[in-house]
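What follows is the residue order along each chain.
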Amino acid sequence: MKEILFATGNSSKVDRFSGKLLKKGILVKSLKDLNINIDVEENGKTAIENAIIKAKAYYEATKMITIAMDDTMYIDDIPDDKQPGVFVRRVNGKRLNDKEMIEYYTNLVKTYGKNGKLNTKWILGMVIIKDGKILTYTGVTEEYYLVDKPNNKMKEGYPLSSILINKKLNKYDIDLTEEDKKI
C-alpha cells in the first residue's frame, strides 16, 4: 500500500480525504502519525503559494509523497480590508479558534449581508510533491452563501461548514451527505 503525507495539522482535513484515498490503496499519514512538528510560515499570496510552502517543507523533512492544501475565501459586498483571502482563520493578526470564526463571519453577514446571507467564493489550492516534482491543482466554487444563523452542529477544524449554505440544495454544508456532494 502506498503511503502519503498530508501536510496539515488539521485532523478534519486529513479525515476528509483519507477514506477516499484508502479505497484507492493509498494510506494517508498525518503530521501527528509521524510525530512531525515544523513551524511553517504560510506567507504566500494565494492558496497555491501557501500549499507549495507547506508541501515543500514537509517533503524536505520526510522525502515522502506529500499533499498540502490551502483555501482562500472571497465574500461579495464587503470592504476590501475585510476580505479574508488567504487569511480565513487569521483576522487582524490573530489566529481564530473555531468558535471565534463562526462569531466573526456571522457578524460580517449581519453587517454587510442581505436577507442574512452573503455570496462566497472559495479558491482551493492543492499541491502534491512526488520525487521532487510539484503538481498543482486549483479549484473554484461559488456555490455557497455565508449566513448569519449557525447550524447547531459544528465540525472541529471546519467551523464555517456551520454557516455555509449550499445554494443548489439549500442545506448547510455540515448537513450535506455524500450523495448531496455528488450533485
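Please read all numbers here as calculations on a predicted model, not as lab measurements. (Residues numbered from 1 in each chain as written. Predicted model: local features only at pLDDT ≥ 70, side-chain atom pairs only at ≥ 80, totals over all residues. Heavy atoms only, no water.)

Peer 1: Looking at this structure, how should I read the pairing of strand S6 (residues 117-130)?
Peer 2: Residues in a regular strand point their side chains to alternate faces of the sheet. Both strand S3 (residues 66-75) and S6 contribute to a ladder of ten bridges, which runs antiparallel. Bridge pairing in S6 links alanine 68 to valine 127. Pairing of S6 with strand S7 (residues 133-147), which is carried by 13 bridges, proceeds in the antiparallel orientation. Looking across to S7, one finds that lysine 117 is bridged to valine 147. What sits between the antiparallel neighbours S6 and S7 is a turn of two residues, in which aspartate 131 has the positive phi angle 55 degrees. (Pairing = 2+ DSSP bridges. Helix = DSSP H or I, 4+ residues; strand = E, 2+ residues; numbered from the N terminus.)

Peer 1: I tried to follow the pattern of salt bridges on my own but got confused; where do I start?
Peer 2: Two side chains bearing opposite charge may form a pair once their charged atoms approach each other closely. Across all of its chains, the model carries nine salt bridges by this definition. Here glutamate 60 ties to lysine 63 by a salt bridge, and the two come within 3.0 Å at their closest N and O atoms. When its relative accessible area of 52% is taken as the criterion, glutamate 60 is described as exposed. With a closest N to O distance of 2.9 Å, arginine 89 and aspartate 98 form a salt bridge. Here the two residues arginine 89 and aspartate 98 agree in accessibility, since each one is buried. Salt bridges here are not isolated pairs; linked through shared partners, they connect Glu42, Lys54 and Asp70. (Salt bridge = Lys/Arg side-chain N within 4 Å of Asp/Glu carboxyl O. Buried < 20%, exposed > 50% of the residue type's maximum accessible area, 1.4 Å probe, protein only.)

Peer 1: Hey, could you run me through the environment of isoleucine 129 in this one?
Peer 2: One can find isoleucine 129 in strand S6. Its relative accessible area of 2% is what places isoleucine 129 among the buried residues. Distance in space between the C-alpha atoms of isoleucine 129 and phenylalanine 87 is 24 Å, their sequence separation being 42 residues. Discounting residues that sit within four places of it in the chain, isoleucine 129 has contacts with Ala55, Lys56, Tyr59, Met64, Ile65, Thr66 and Ile134. (Contact = heavy atoms within 4.5 Å.)

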